[in-house]
Amino acid sequence: METVSKQQLRTRETQARLLDAAEEVFVRDGFESAQLDAIAAAAGRSKGAVYTHFKSKEDLFLALFEDRTRLIIDGLTDSLRKCTSRQQSLLTFREFYVGLVKDKAWPILTLEFKLFALRHPESKERLRKAFEMSKTTNGGGIHAQMFGKLSRTENENNDLSLMTLGPIVSGLILESYFEPEVLSEKALRRILGRIFDSFFHPADKAAPRQ
């Protein structure tokens, strides 16, 4: 069992507070306009504390993306590990996918990250590796957990479908800011459920209606 000192606990707490504050400020102001002073203030820490844990605003920005991606993927992976069949795995992933509509901050952050990668090619590789976490996990990969052993063509088709799902949900959530009455959370869940079913048919006629 890992022994954690009080100093390590304080360090982790400060890093967590800074990441939470960074998420708030980056969503509100965008990467280019976000100020480290504002992030430090939101975290209840000094600007010096930011530099103690992160080299720059870019480093904090990328650390936030990596942290939030890891949390999302770890949560999904833990749920999939409890599944005992392909059908159950697909239904679990379907529930996870339509549930993404609850987090309206993540699509904004994702858009900011992609714009950042285009404008800062020197950081593009680090960003790409963070995206790779969505396909490679400690449990052997989300793909393998959901689909098992398939043919090369089936694997390629499923990979394309998985890559397509993310931009679809992000785009719809962003659009819901402009059409909130039409694209309500209930409507988004229904739309995303239908899109998922068109790709994977998770349980044939047994898929739950959203």
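Residues numbered from 1 in each chain as written. Predicted model: local features only at pLDDT ≥ 70, side-chain atom pairs only at ≥ 80, totals over all residues. Heavy atoms only, no water.

Draft legend 1. Structural context of the overall build of the protein. In terms of helices and strands, the protein carries ten helices and zero strands. Reading the secondary structure of the protein in the N-to-C direction produces α-α-α-α-α-α-α-α-α-α. Here the protein holds 210 residues, and 40% of them are scored as buried. Look at the contacts in the protein between residues 6 or more apart in sequence, and 69% of them connect residues 24 or more apart. Of the roughly 12,400 Å² of accessible surface on the protein, 52% is carried by carbon and sulfur atoms. (Helix = DSSP H or I, 4+ residues; strand = E, 2+ residues; numbered from the N terminus. Buried < 20%, exposed > 50% of the residue type's maximum accessible area, 1.4 Å probe, protein only. Contact = heavy atoms within 4.5 Å. Areas by Shrake-Rupley, 256 points an atom, 1.4 Å probe, with all protein chains shown as cover.)

Draft legend 2. Summary view of the nonpolar core. The biggest cluster of nonpolar side chains holds 26 residues, and the ones touching the most others in it are Phe26, Ile39, Leu60, Leu64 and Phe113. Contributions of two or more residues to this core are made by α1 (6–33), α2 (36–43), α4 (57–81) and α6 (105–119). Looking at this core element by element, the count peaks at seven residues for α1. If sequence neighbours within four positions are ignored, Ile39 has contacts with Leu18, Ala21, Ala22, Val25, Phe26 and Leu60. Core analysis: the second largest hydrophobic core is formed by 17 residues, Val98, Val101, Phe196 and Phe200 among them. (Core = buried A, V, L, I, M, F, W, Y, C linked by side-chain atoms within 4.5 Å.)

Draft legend 3. Examining the packing of helix α9 (residues 152–176) against helix α10 (residues 185–200) more closely. Here α9 crosses α10 at 165°, and the two axes come no closer than 11 Å. It follows from the interaxial angle that α9 and α10 lie roughly antiparallel. As for the relative orientation of α9 and α10, their crossing is right-handed in sense. From α9, Asn158, Ser161, Leu162, Thr164, Leu165, Ile168, Val169, Leu172, Ile173 and Ser176 reach across to α10, where they touch Leu188, Ile191, Leu192, Ile195, Phe196, Phe199 and Phe200. Of the residues that constitute the contact of α9 with α10, the class distribution is 13 nonpolar, four polar and no charged. (Axes fitted to C-alpha atoms, helices over the stretch in contact; angles between N-to-C directions. Parallel < 35°, antiparallel > 145°, perpendicular 65-115°, else oblique. Left-handed = near helix turned anticlockwise from the far one by under 90°. Nonpolar A, V, L, I, M, F, W, Y, C, P; charged D, E, K, R; others polar.)

Draft legend 4. α9, seen in detail. Along its 25 residues, α9 runs 37 Å from first to last C-alpha, staying within 8% of the 36 Å computed at 1.5 Å per residue. For α9, the set of buried residues is Asn158, Ser161, Leu165, Val169, Ser170, Leu172, Ile173 and Ser176. (Expected span 1.5 Å × (residues − 1).)

Draft legend 5. Up close: the packing of aromatic side chains. Using the criterion set out here, one finds 14 aromatic pairs in the structure. Cluster of aromatic residues (ring-pair linked, three or more members): Phe26, Phe31, Phe61, Phe65, Trp106, Phe113 and Phe116. The ring of Phe31 is capped by Lys57, whose NZ or CZ atom sits 4.7 Å from the centre of that ring. (Phe/Tyr/Trp six-rings, centres within 6.5 Å; stacked < 30°, edge-to-face > 60°. Lys NZ or Arg CZ within 6 Å of the ring centre and 35° of its normal.)

Draft legend 6. Main features of α4. For α4, which comprises 25 residues, the first-to-last C-alpha distance of 36 Å matches the rise-based estimate of 36 Å (1.5 Å per residue) to within 8%. Sitting at the amino-terminal end of α4 is Ser56, which places a side-chain oxygen 3.4 Å from the backbone nitrogen of Glu58. (Polar contact = N/O pair within 3.5 Å; in protein donor to acceptor, adjacent residues only side chain to side chain.)

Draft legend 7. Summary view of the confidence of the model for the protein. The pLDDT averaged across the protein works out to 84; a share of 84% of its residues lies at or above 70. Mean pLDDT across the secondary structure elements of the protein bottoms out at helix α8 (residues 142–147), with 66, and peaks at α2, with 96. Of the regions scoring below 50 in pLDDT, residues 136–140 engages in eight contacts with residues more than four places distant in sequence or in other chains. Taken together, the stretch residues 204–209 has pLDDT below 50 and engages in six contacts with residues farther than four places along the chain or on a different chain. (pLDDT = per-residue confidence, 0-100.)

Draft legend 8. Structural view of the environment of Gly166. Of note, Gly166 is situated in helix α9. Separated by 69 residues in sequence, Gly166 and Tyr97 place their C-alpha atoms 8.8 Å apart.

Draft legend 9. Looking closely at the packing of helix α5 (residues 86–99) against α10. One can describe the packing of α5 onto α10 by two numbers: an axis separation of 9 Å at closest approach and a directional angle of 145°. Considering the relative orientation of α5 and α10, their crossing is right-handed. Here α5 contributes Leu90, Phe93, Arg94, Tyr97, Val98 and Gly99 to the contact with α10, which in turn contributes Arg189, Leu192, Gly193, Arg194, Phe196, Asp197 and Phe200. Class assignment of the residues belonging to the contact of α5 with α10 gives a composition of seven nonpolar, two polar and four charged.

Draft legend 10. The arrangement of the side chain of Thr14 in detail. Tracing the chain through its elements places Thr14 in helix α1. For Thr14, a relative accessible area of 11% corresponds to the buried category. Those residues in contact with Thr14 that sit more than four places away from it in its chain are Arg45 and His53.

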